[in-house]
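The chain contents come next:
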Amino acid sequence: MSEWQRILKEDSIATLEHLADRFGHDVIDVEALKPAFDNFQMRITPAALEQITAVGDPMWNQYVPTVQELDIHDGIIDSLDEDADSPVPNITHRYPDRVLFLVSPVCASYCRFCTRRRKVGDPEKIPLNQYESAFAYIRAHSEIRDIVMSGGDPMMLSDRRIEYLLQNLRAIPHVEIIRIGSRVTSHLPERITPEFCEMVRKYHPVYMNTHFNHPRELTPKVVEALGRLADAGVPLGCQTVLLRGVNDDVNVMKELMQRLLKARVRPYYIYMADQVAGGEHFRTTVQKGLEIVKALRGWTSGLAVPHFVIDSPGGGGKVPLLPEYVEEITDDEVVFRNYEGKRFVYKQPRIPVPTAGCAADDSPDIVPIEIAKTPRRKHTARRRKSVNG
Ligand code: SF4
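Throughout what follows, the structure given in this document is the object of discussion. (Residues numbered from 1 in each chain as written. Predicted model: local features only at pLDDT ≥ 70, side-chain atom pairs only at ≥ 80, totals over all residues. Heavy atoms only, no water.)

### Describing the environment of V67
By the element assignment, V67 lies in the loop between α5 (58-63) and β1 (91-95). Aside from chain neighbours lying at most four places away, what touches V67 is A32 and L33. (Helix = DSSP H or I, 4+ residues; strand = E, 2+ residues; numbered from the N terminus. Contact = heavy atoms within 4.5 Å.)

Laid out in structure tokens, this is it:
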């Protein structure tokens, strides 16, 4: 057994009784939490446990079950309708040139807001013996150039199994990019072993989509693990979920994005929390997300500003949301405000407009443009004179 497997098995908390022993039976009501636990399993690794500093803090909220999970209002079990776009087991083919490939049913720690909680943790719902039909599907669809391996967490598989997956995908000529969606860098940094890094180099380009929700997750051990991946040539992106009681705060998000960048991770998405049954208490308003993006854009490096998206309920895919910067667009000009709220005008270029009939006779008519008669040269000369004089 490798060290990371031992940590997972022996040092993590995976039962409510164990959780109550750790935090007190007055805090953890084992009986009351049992239905939530039965609905979606729990495991908290030592790295995630270390990050909890108080009951109800942002880390606690991400991993400790609550009775609120049983309170269903607008929640949907398969909120992104992934199963409807699944042509073969373990594959979701929603976008034209890429597929989601579920390769592992388990995670190091289980996040209470998980969108895929209907399947995650259950090997029957993400079977490990159905890879062949997934490979065959990808092989038969030459438009697929990008594979996102997910689950569960692909990094919960042994190196041998991950290499088997990478080898098979790399043997398909039209597969250009492989991405591994994983939260182990935060939950189990010990999993990023030198052996894994050595192995993955052979199959580049392999990207990793990490997942961080709070700056406190970037501990020294975690930053070292990210460095090992970056040194192995794995480009790192981060997906963050906007969560009430975790990171619905401008300063927290700004610190997270800046610290990610410093750890060689490019912030990629901030997602609105999905409308998933069991995770509704994590949802906040879209306005809050827009406020956060507005507080990032212009106020910190553009590299630290991810796309803010809603993954459309019902399977419409990701839609980007932007704060309102543009006040007016006409054929002549665009009026907008910058990050400080100051107003600016951008003049539209004077592009020849084809007149009616141009398509029919195939000879583009050029609309004459009146040239503004500004005595530029004279003006410049006058300015020079005044500067020199
Ligand atoms: S690591 Fe990802 S897949 Fe696993 S429980 Fe958390 S959000 Fe869900």
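### Here's the deal with the pairing of strand β10 (residues 326-329)
Here three bridges tie β10 to strand β11 (residues 333-337), and the two strands are oriented antiparallel to one another. The residue bridging V326 from the neighbouring strand is F336, located in β11. Linking two consecutive strands that pair antiparallel, namely β10 and β11, is a turn of three residues. (Pairing = 2+ DSSP bridges.)

### Quick notes on the sheet that holds strand β7 (residues 266-272)
On the basis of which strands lie adjacent, the open sheet formed by nine strands has the order β1-β2-β3-β4-β5-β6-β7-β8-β9 and mixed pairing. Edge strands, defined here as strands with exactly one partner in the open sheet, are β1 and β9 (317-320). The average angle at which neighbouring strand axes cross in this sheet is 30 degrees, direction not considered. Along the sheet, helix α6 (residues 131-140) contacts β1, β2 (98-104) and β3 (146-151); its crossing angle with β2, the most-contacted strand, is approximately 165 degrees. (Axes fitted to C-alpha atoms, helices over the stretch in contact; angles between N-to-C directions.)

### A short note on the packing of helix α11 (residues 250-262) against helix α12 (residues 286-296)
Where α11 contacts α12, the two axes come as close as 9 Å, and the packing angle between them is 50 degrees. It follows that α11 is oblique to α12 by the angle criterion. Of the two possible hands of crossing, α11 and α12 adopt the one that is right-handed. Residues V250, M253, K254 and M257 of α11 pack against E291, I292, A295 and L296 of α12. (Parallel < 35°, antiparallel > 145°, perpendicular 65-115°, else oblique. Left-handed = near helix turned anticlockwise from the far one by under 90°.)

### Quick word on the pattern of salt bridges
Counted according to the given criterion, the structure contains 30 salt bridges. Here R118 ties to E82 by a salt bridge, and the two come within 3.2 Å at their closest N and O atoms. Taken as a pair, R118 in the loop between β2 and α6 and E82 in the loop between α5 and β1 lie far apart in primary sequence, 36 residues in all. In this structure, the salt-bridge partner of R337 is E327, at a minimum N-O distance of 2.4 Å. Here R337, found in strand β11, pairs with E327, found in strand β10; they are 10 residues apart in sequence, far enough to count as distant. One network of salt bridges, with partners in common, ties together D78, E82, D83, R116, R118 and K119. (Salt bridge = Lys/Arg side-chain N within 4 Å of Asp/Glu carboxyl O.)

### Let's talk about the side chain of H93
Here H93 is to be found in strand β1. By relative accessible area, H93 is classed as buried at 16%. Reaching out from H93, the side chain makes a polar contact with the backbone oxygen of Y95 at a distance of 3.2 Å. Looking at H93, its side chain comes within polar contact range of the side chain of Y137, at 2.7 Å. (Buried < 20%, exposed > 50% of the residue type's maximum accessible area, 1.4 Å probe, protein only. Polar contact = N/O pair within 3.5 Å; in protein donor to acceptor, adjacent residues only side chain to side chain.)

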